[in-house]
Amino acid sequence: MAFALGATDREAHVRGITLAYDDSAPEATGRDDRPVLLCLHAIGHGARDFAGLRAALAGQWRIVAPDWPGQGNSGPDREPPTATRYADLALGLLDTLGVARAAVLGNSIGGAAALRLAALHPDRVTGLVLIDGAGLAPIGPRERLAIHAFVALFRAGQRRRRWYRWAFAAYYRQLLRNPAAATHRSAIVAAGYDSAPVLAAAWRGFADLDIRDLAGQVRCPVLAAWARHDRVVPLAASRPALERVADLTLSVFDAGHSPHVENPAEFEAVLRTFLKRL
């Protein structure tokens, strides 16, 4: 079922999946000489997370933003929602669009997928923007206990427990804490029962999401844009892996999990400076 913040521009068939995506290239020709910025959203979000960036960078960059399978307006997937699967879908979308090289930006699981793409396909990625990227913090017993609790929460949403809407809203008040994100937060919370199955599946996979060793393989410039108040992928735990990156710029924002949504003007300014390097 379609839910919050989905792409409305176009569809592509990638790895057997119908992916909805937004694309600022002219639809009539598909030709665009601007460099491509591929934007990958967090689990349970959608391509419209990047509508502001699309407007802000319209003169300089072609923005391509897909919905992950079973989210937004994309079709379902037979495979579980993992960073490995999403990196492969992102690569497949670039191939389908005939894009040889792109800068890649990703939030949360989208950040993990983006890092995998940059590390394993360095010839395809000109620059990497990690927004609170998952998979860079070590996972010990305490983290596994938290993951188990989140899986239980989202399973309750699958079973449509009446209290789930309240709990999900409280969770998102921590993730998207700033007033600028209020519209996004409301849309995501309103679709909470629809997104619960994919959230439960993704969180099950987070117990095995560890891409710290890949960080040292990234050779392109990297911007790490992190939310100071993130409790899901805290900067302190992720910093040792980030410091393995050869060419790293770190910016910290007064946000909960998605600075591009919570602090759009500040984030856009930092991003513009970084993209000029590319």
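The present account deals with the structure reproduced in this document. (Residues numbered from 1 in each chain as written. Predicted model: local features only at pLDDT ≥ 70, side-chain atom pairs only at ≥ 80, totals over all residues. Heavy atoms only, no water.)

## As for the overall build of the chain
Piece 1. Within the chain one finds 11 helices and eight strands.
Piece 2. At 17 Å, the chain has a C-alpha radius of gyration in line with the 19 Å of a compact globule built from 278 residues.
Piece 3. Over its C-alpha atoms, taken along the principal directions, the chain stretches across nearly 50 × 40 × 35 Å.
Piece 4. By residue count, 57% of the 278 residues in the chain fall in the buried class. (Helix = DSSP H or I, 4+ residues; strand = E, 2+ residues; numbered from the N terminus. Rg over C-alpha atoms; globule rule 2.2 N^0.38 Å. Buried < 20%, exposed > 50% of the residue type's maximum accessible area, 1.4 Å probe, protein only.)

## A look at the packing of helix H5 (residues 164–175) against helix H7 (residues 192–206)
Piece 1. Between H5 and H7, the shortest axis-to-axis distance is 11 Å and the interhelical angle comes to 65 degrees. Judged by the twist between their axes, the crossing of H5 over H7 is left-handed. Between H5 and H7, the residues in contact are Tyr164, Arg165, Phe168 and Tyr171 and Gly192, Tyr193, Ser195, Ala196, Leu199 and Trp203, respectively.
Piece 2. Taken together, the residues of the contact of H5 with H7 sort by class into seven nonpolar, two polar and one charged. (Axes fitted to C-alpha atoms, helices over the stretch in contact; angles between N-to-C directions. Left-handed = near helix turned anticlockwise from the far one by under 90°. Contact = heavy atoms within 4.5 Å. Nonpolar A, V, L, I, M, F, W, Y, C, P; charged D, E, K, R; others polar.)

## Section: the state of the cysteines
Piece 1. In this structure the tally under the stated criterion is zero disulfides.
Piece 2. Take cysteine 39: it sits in no disulfide, and the sulfur closest to it among the cysteines is that of cysteine 220, at 15 Å. (Disulfide = S-S within 2.5 Å.)

## Let's talk about a nonpolar patch on the surface
Piece 1. Taken together, the side chains of Leu248, Leu250 and Val252 make up a nonpolar region of the molecular surface, amounting to roughly 180 Å² of accessible area.
Piece 2. Judged by relative accessible area, valine 252 falls into the partly exposed class, the value being 31%. (Patch = residues over 30% accessible without salt bridge, like charges linked within 9 Å, V, L, I, M, F, W, Y side chains within 5 Å. Areas by Shrake-Rupley, 256 points an atom, 1.4 Å probe, with all protein chains shown as cover. Salt bridge = Lys/Arg side-chain N within 4 Å of Asp/Glu carboxyl O.)

## A look at the environment of alanine 146
Piece 1. When you line up the elements, alanine 146 lands in helix H4 (residues 141–158).
Piece 2. Judged by relative accessible area, alanine 146 falls into the partly exposed class, the value being 35%.
Piece 3. Counting along the chain gives 102 residues from alanine 146 to leucine 248, while the straight-line C-alpha distance between them is 29 Å.

## Some details on the nonpolar core
Piece 1. One finds Leu115, Leu128, Leu136, Phe154 and Phe168 to be the most contacted residues of the largest nonpolar core, which totals 75 residues.
Piece 2. Other than its neighbours up to four places away in sequence, leucine 115 contacts Leu128, Leu130, Leu136, Ile211, Leu214, Ala215 and Val218.
Piece 3. In this structure, Ala47, Phe50, Leu53 and Ile131 belong to the second largest nonpolar core, which totals 24 residues. (Core = buried A, V, L, I, M, F, W, Y, C linked by side-chain atoms within 4.5 Å.)

## With respect to helix H9 (residues 235–242)
Piece 1. Of the residues making up H9, those classed as buried are Leu235, Ser238, Ala241 and Leu242. Projected down its long axis, H9 carries its buried residues within an arc of 115 degrees, all on one side. Exposed side chains of H9 directed beyond 90 degrees from the buried face belong to Ala236 and Pro240.
Piece 2. Considering only its buried residues, H9 is in contact with strand S6 (125–131), helix H8 (212–215), strand S7 (222–227) and strand S8 (248–253). (Arc of directions from axis to C-beta.)

## Brief notes about unusual backbone geometry
Piece 1. A positive phi is found at serine 108, a non-glycine position, where the angle reads about 60 degrees.
Piece 2. Inspection of the secondary structure puts serine 108 in the loop between strand S5 (102–107) and helix H3 (109–120).
Piece 3. Relative accessible area serves as the criterion here: at 7%, serine 108 is assigned to the buried category.

## Quick notes on the pairing of S8
Regular strands have side chains that alternate between both faces of the sheet.
Piece 1. Where S7 lies against S8, six bridges are found, and the strand directions are parallel. Across the sheet, the residue bridging to leucine 223 is threonine 249, located in S8.
Piece 2. For the segment spanning S7, H9 and S8, crossover handedness is right-handed. (Pairing = 2+ DSSP bridges. Right-handed = clockwise from strand over helix to strand, strands pointing away.)

## Some thoughts on the pattern of salt bridges
Piece 1. Enumeration over the complete set of coordinates arrives at 11 salt bridges.
Piece 2. The shortest N-O distance in the salt bridge between aspartate 32 and arginine 34 comes to 2.5 Å.
Piece 3. We note a salt bridge from aspartate 213 to arginine 244, for which the minimum N-O separation is 3.1 Å. Of this pair, aspartate 213 sits in helix H8 while arginine 244 sits in the loop between H9 and S8, placing them 31 residues apart in sequence.
Piece 4. Judged by relative accessible area, aspartate 213 falls into the exposed class, the value being 61%.

## Here we look at helix H6 (residues 182–190)
Piece 1. For H6, the complete set of buried residues consists of His184, Arg185, Ile188 and Val189. Across the axial projection of H6, the buried residues extend over an arc of 125 degrees, all falling on one side. The exposed residues of H6 that point more than 90 degrees off its buried face are Thr183 and Ala190.
Piece 2. Looking at the buried side of H6, the elements it contacts are H5, H7 and helix H10 (259–262).

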